[in-house]
Amino acid sequence: MCFTKCARCIGFFLIALAILCIIANILLFFPNGETQWAREKNRLTTYVWFFHGIGGAGLVMLLPAFVFIGLEEEDCCGCCGHRTCGKTCAMLGSIVAALIGIAGAGYCLIISALALARGPYCQTSSGWTYPFENSNGMYLTDHSTWSQCTEPNNVVVWNVTLFSILLGLSGIQIILCLIQVINGLIGGICGACCCQQKSQVIKIHFTLISSGAV
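Residues numbered from 1 in each chain as written. Predicted model: local features only at pLDDT ≥ 70, side-chain atom pairs only at ≥ 80, totals over all residues. Heavy atoms only, no water.

Observations regarding the overall build of the protein chain
When helices and strands are counted, the protein chain shows 5 helices and 2 strands. Sorting the 214 residues of the protein chain into buried and exposed places 42% on the buried side. Accessible surface computed for the protein chain: about 11,000 Å², of which carbon and sulfur atoms make up 68%. (Helix = DSSP H or I, 4+ residues; strand = E, 2+ residues; numbered from the N terminus. Buried < 20%, exposed > 50% of the residue type's maximum accessible area, 1.4 Å probe, protein only. Areas by Shrake-Rupley, 256 points an atom, 1.4 Å probe, with all protein chains shown as cover.)

What follows is the structure, encoded as structure tokens:
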């Protein structure tokens with residue numbers, strides 16, 4: 001069934017993206033590769049502690065990913081009264097898993113966008129603050145302002161890069177889950193039609209047998 005093969009491919013892609021999101025989120029705790037800022041209190045942007053890459057686009061995304069991968073082997077025995085029609089139930093059920101994936105990736109996308117808009121938390125001449133909080137994200141294209149952050153080193157580049165990666169990866173995850181929603185819906189409908197046709201054929205066959213025509 002081509003629909004299950006498509007779901008399987010989507011599942012493998014989602015696992016790869018989930019792993020990348022987890023790695024990106026972990027790196028946010030160590031600006032410029034330094035571990036001291038994670039140990040000290042109030043030295044990282046608050047959005048890092050939302051675990052949007054580790055949880056939302058990471059661990060949560062693994063659930064629909066494994067569901068999609070397992071669809072090819074799923075038989076959902078008894079659906080429509082026939083083992084061969086079992087994948088219809090599984091395909092329709094995968095829509096729920098895809099919606100869970102959309103929720104997790106959507107959470108990561110929103111937090112990443114908010115983090116980029118607010119900018120990093122860093123030490124400036126005025127102390128520890130969010131120097132770009134009121135810039136409406138204009139600092140992203142004005143690299144000359146990044147020097148305002150003196151500690152942690154290269155924190156602006158670090159945050160912008162990793163939050164942008166999380167934003168992009170979660171966006172791709174949403175698109176893949178939406179594709180699976182469509183794939184599961186079409187696969188389920190086509191499978192249901194197949195079930196009905198097979199049921200009619202079997203009924204006709206049994207009718208012929210009972211009437212002695214066969």
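The rest of the description comes next.
Points about the state of the cysteines
Under the defined criterion, the tally for this structure stands at 1 disulfide. Cysteine Cys-9 remains unbridged, with the sulfur of Cys-6 as its closest cysteine sulfur at 6.7 Å. (Disulfide = S-S within 2.5 Å.)

Let's talk about a nonpolar patch on the surface
On the surface, Ile-19, Leu-20, Ile-23 and Leu-27 cluster together into a nonpolar patch covering about 330 Å² of accessible area. Its location among the elements puts Leu-20 in helix 1 (residues 2–27). Exposure remark for Leu-20: the relative accessible area of 43% places this residue in the partly exposed category. (Patch = residues over 30% accessible without salt bridge, like charges linked within 9 Å, V, L, I, M, F, W, Y side chains within 5 Å. Salt bridge = Lys/Arg side-chain N within 4 Å of Asp/Glu carboxyl O.)

Concerning the UniProt feature "transmembrane region" (unreviewed entry) in the protein chain
The UniProt record annotates "transmembrane region" (unreviewed entry) at residues 12–30, 50–71 and 92–117. In residues 12–30, helix accounts for 84% and strand for 0%; the two terminal C-alpha atoms are 28 Å from one another. Between the first and last C-alpha atoms of residues 92–117 the distance is 38 Å; the span itself is 100% helix and 0% strand. (UniProt positions renumbered as here; feature names shortened; annotations may be inferred.)

What about the side chain of Gln-180?
Positionally, Gln-180 belongs in helix 5 (residues 155–211). Judged by relative accessible area, which is 0%, Gln-180 ranks as buried. Here Gln-180 is in contact with Ala-7, Ile-10, Phe-68, Leu-71, Met-91, Ser-94 and Ala-98, once residues within four sequence places are set aside. (Contact = heavy atoms within 4.5 Å.)

A short note on the packing of aromatic side chains
For any pair of aromatic rings, the description consists of the separation of the ring centres together with the inter-plane angle of the planes. On inspection of all chains with the given rule, the structure shows 8 aromatic pairs. A ring pair is formed by Trp-49 and Phe-51, whose centres lie 6.4 Å apart and whose planes are at 80°; its orientation type is edge-to-face. Judged by relative accessible area, Trp-49 falls into the partly exposed class, the value being 43%. A centroid spacing of 4.9 Å and a plane angle of 50° characterise the contact between Tyr-121 and Tyr-130, whose relative ring orientation is tilted. An aromatic cluster of at least three residues, connected via ring pairs, comprises Trp-37, Tyr-121, Trp-128 and Tyr-130. The positively charged end of Arg-43 is found above the aromatic ring belonging to Trp-128, 4.3 Å away from the centroid. Stacked on the ring of Tyr-130, the Lys or Arg Arg-118 has its end atom at 3.7 Å from the ring centre. (Phe/Tyr/Trp six-rings, centres within 6.5 Å; stacked < 30°, edge-to-face > 60°. Lys NZ or Arg CZ within 6 Å of the ring centre and 35° of its normal.)

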